[in-house]
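Given next are the chains, with one letter for each unit.
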Amino acid sequence: MAVSLSSMSFNCTGTWRNVKPVIDYEKCNSCGLCWKFCPDACIYVEDGRPVIDYYYCKGCIVCAEECPRKAIDVVKEE
Amino acid sequence: MQKVIMGNHALSWGAVVSRAQVIAAYPITPQTEVVALLSELCADKILDAKFIKVESEHSAMAACIGASAVGTRTFTATSAQGLALMHEMIHWAVGGRLPVVLGNINRAMGPPWTIWTDQNDSLSQRDTGILQIYCESIQEILDTVIQAFKVSEKVYLPSMIVLDAFVLSHTSENCDIPDVELVDKYLPPYKPQYKMDWREPHAFGGLTSPDWYYELRYKIECAMEQAEEEFRKAHSEFEKLFGRSYGLVESYRCEDAEFIIVASSTIAGTARLVVDELRDRGEKVGLLRIRVFRPFPADEVRQILKNAEKVCVIDRNISFGHGGIFFQEVKSCMYNHRTHPPIFGFIAGLGGRDVTPDVIKEIVQYAKDHKQPQDKIWIGVKR
Amino acid sequence: MKLTIPEVELMTPGHLACQGCGATLAMRYTLKALGPKTMLFIPACCWSVLDGPFPYSSLKVPIFHTAFETAASVASGARAGLDMLGDTETNVVSWAGDGGTFDIGIQALSGAAERNDNIIYVCYDNEAYMNTGIQRSSATPWCSWTTTTPQTHPKDEPKKNMVEIMAAHRIPYTATASIAYPEDLIRKMNKAKEIKGTKFMHIFAPCPTGWKTPPEICVKLARLAVQTKIFPLYEIENGLEYTINKTPKGIPAIEYLKLQGRFRHLTQNDVEIIQKNVDREWEILLRKARATEGLREGAHP
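From a predicted model like this one, the values you see are computed outputs, not experimental measurements.

### Considering the overall build of chain C
Argument step 1. Counting secondary structure elements, chain C contains eleven helices and eight strands.
Argument step 2. By its C-alpha atoms, chain C is 60 × 50 × 45 Å across when sized along the principal axes.
Argument step 3. The buried share among the 301 residues of chain C stands at 63%.
Argument step 4. Carbon and sulfur atoms make up 55% of the accessible area of chain C, which amounts to about 10600 Å² in all.
Argument step 5. Of the side-chain charges in chain C, 33 are positive and 31 negative, and the distance between the mean point of each set is 4 Å.

Listed below in structure tokens is the structure:
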């Protein structure tokens, strides 16, 4: 039977993106909305602040759209 | 305990003494008595099981699959249209490696509507990978349910126990219903290697590329081959505990037979009478009853038929455009053997047309009268 | 950081969903509410694939992939099995798309609901057969483009009201939820898991790929659907008593429709028809809520 043996954590979906969200910590007040709305669950909380895990970030930019302080910049991926 | 029961109830009692835990079934003539009795026995707490009154046969097999996936012993029963509706999910039970046991009352497929017996419904499931056992007597039905659970749970493939509509489902016979405690010695509780368990989460049946699907199918075929051996072991153990012996096939007076009839289900029972009658007349006739159809007992069939001068296979089924299915399987398994006797393929009894001793004698006579074997002889068809 | 929903993730990154997928948020929030003692029965749908191919899975709960029409029937069987094994606690969840719920899966769902089988049935609704490339389902809204309802002949029929169909079964709990309101979704899941019987959750989960919208507005669309009253948030207890969870100010439907490529061909007249229908359905819902207040005594003894 096809039984799964491990997770998808090896899968680098970060290679999918054309654009990249970058949090401007000057403007960020750690409201948590970006963490809450990430469809890839790749924004984690560190020292009370949101941190984007770029290994997985697909660049969907939902976080930037939802940020009430416009504290997430959208930059082109190199 | 000794009890006179009908064929359908033998299926029910088989499930009861095997301690089936979840039953999901939908009514269809002529299966209804199977589930009606199981319902009663569940309600009376004679069987400790959940009975899900599903809304279709497709859902019946799906529910059995769900219950089996979490690690419980499951049972269902159906016939004809219901079996056809279950078809997709029979594939799912096979690919999912789930040992669901299914009782099928062989009923001819509609349209037109019919309730009488033939084997096209069960044989249409031939290529799914479900184990198939064709029963001739009511005691055999009950015993086969128990054996099927044992073998299925060893090889992780579902089983189908097949019996003729009305001829077997609705006739009665004195039967030994074994004590549950004795069956417990034969059939331990179901403990699968993998199951749905939150403590050990897995995804079952995820998208599989050509890199792996091939190997997963190979494993199913290996399981089928293992099933042959498991059936032999199961039969041997069964004989020790319950005193009744079974095989993958049954060979009756074939040792020196020149002429062998190959049949299954109740037609085999009738053929046995004809064999005795012809033997009394000095003719060297024998009967090979094929009991386990999947996995196909090729070795046994070759062993028994290899020295015959002529073989007639009686099929209560037809694969349109090619002929009777047991005939095709028997013929193909003999082809490469160094002796391959001429094999005649007879179609008989479709839609419940009665196959009497006279019909079988007619079949034997036809084969005697013709030197060249023929593939598709429709005995008794009105032209 | 103050988190308004549980922190633990049972959905891990690396999954194969499109950028901005609403279905993943539906799953993420649901699992946060239900916790690890949960099993999912997933028929053919986007989640069959985006979880990851064999031998990988991005979810930390057991999943059984099942045939398209069997989300509810397999779950019914699993529930019976678990109960027989003495486990009445593990959440048995059918997790299906709109196609597998409204269309091919409706028979099995109706069967399970009629038997009041103790399962949570979750339909994440992206309003078409997205996994197979955007074909219409009976959940596709009126006048929407899909590959089988092209612009020259968009969908003729209104969206099937699945919630009403489920309420008619008099199941203990039916609710709508939207991925833009995760706290509400989680509250409802928590409520559902404490109830014995069939619970139906209809989650609005936009699909940027299929709706022809940029991925970043996925959550915004889910919010607008609620705010325009196109997708109201409400609960029905025992199929009888209606409770509206959110009474929006009422933004015109056009604000929602104009953002989506699948509605690009809409004429002024189409939009007016849509607005009229939205207003009427909302009015009916309001009246139902008023008329059924206090009438929740269950049909199941």
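From this point, the discussion proceeds with the structure in view.
### Looking at the sheet that holds strand E9 (residues 203-204) of chain B
Argument step 1. Taken in spatial order, the nine strands of this open sheet run E9(B)-E2(C)-E1(C)-E3(C)-E4(C)-E6(C)-E5(C)-E7(C)-E8(C), and their pairing is mixed. Each of the sheet's edge strands pairs with one partner strand only, and the pair in question is E9 of chain B together with strand E8 (241-244) of chain C.
Argument step 2. In terms of strand pairing, strand E5 (residues 173-178) of chain C meets strand E7 (residues 234-237) of chain C through three bridges, oriented antiparallel. Considered in E7 of chain C, the bridge of Tyr173 of chain C is made with Glu237 of chain C.
Argument step 3. On the sheet, helix H7 (residues 182-193) of chain C packs against strand E3 (91-97), strand E4 (120-125), E5, strand E6 (199-204) and E7 of chain C and is oriented at approximately 160° with respect to E5 of chain C.
Argument step 4. Docked against the sheet, helix H11 (residues 268-291) of chain C engages E7 and E8 of chain C, running at close to 120° with respect to E8 of chain C.

### Some points on the interface of chain A and chain C
Argument step 1. Chain A puts 36 residues into the contact, and the matching count from chain C is 42 residues.
Argument step 2. Here chain A meets chain C over a buried area of about 2900 Å², counting both sides, of which 62% is carbon and sulfur.
Argument step 3. By the criterion of area lost to chain C, the three top residues of chain A are Met8, Trp35 and Lys36 of chain A, representing 23% of everything that side buries.
Argument step 4. At the surface where chain A touches chain C, the tally comes to three salt bridges.
Argument step 5. The partner of Lys36 of chain A in a salt bridge is Glu183 of chain C, and the shortest N-O contact between them spans 2.4 Å.

### Re the side chain of Ser48 of chain C
All names here are of chain C.
Argument step 1. Mapping Ser48 onto the fold places it in helix H2 (residues 46-50).
Argument step 2. Residue Ser48 is classed as buried on the basis of its relative accessible area, which comes to 13%.
Argument step 3. Here Pro43 takes part through its backbone oxygen, which lies 2.8 Å from a polar atom of the side chain of Ser48.
Argument step 4. Ser48 has contacts with Ile42, Pro43 and His65, leaving out every residue within four places of it along the chain.

What counts and what doesn't
- Residues numbered from 1 in each chain as written.
- Chains lettered and ligands numbered in written order.
- Predicted model: local features only at pLDDT ≥ 70, side-chain atom pairs only at ≥ 80, totals over all residues.
- Heavy atoms only, no water.
- Helix = DSSP H or I, 4+ residues; strand = E, 2+ residues; numbered from the N terminus.
- Buried < 20%, exposed > 50% of the residue type's maximum accessible area, 1.4 Å probe, protein only.
- Areas by Shrake-Rupley, 256 points an atom, 1.4 Å probe, with all protein chains shown as cover.
- Lys, Arg positive; Asp, Glu negative; His and termini not counted.
- Charge placed at Lys NZ, Arg CZ, Asp CG, Glu CD.
- Pairing = 2+ DSSP bridges.
- Contact = heavy atoms within 4.5 Å.
- Axes fitted to C-alpha atoms, helices over the stretch in contact; angles between N-to-C directions.
- Buried area = accessible area lost by both parts, 1.4 Å probe.
- Salt bridge = Lys/Arg side-chain N within 4 Å of Asp/Glu carboxyl O.
- Polar contact = N/O pair within 3.5 Å; in protein donor to acceptor, adjacent residues only side chain to side chain.

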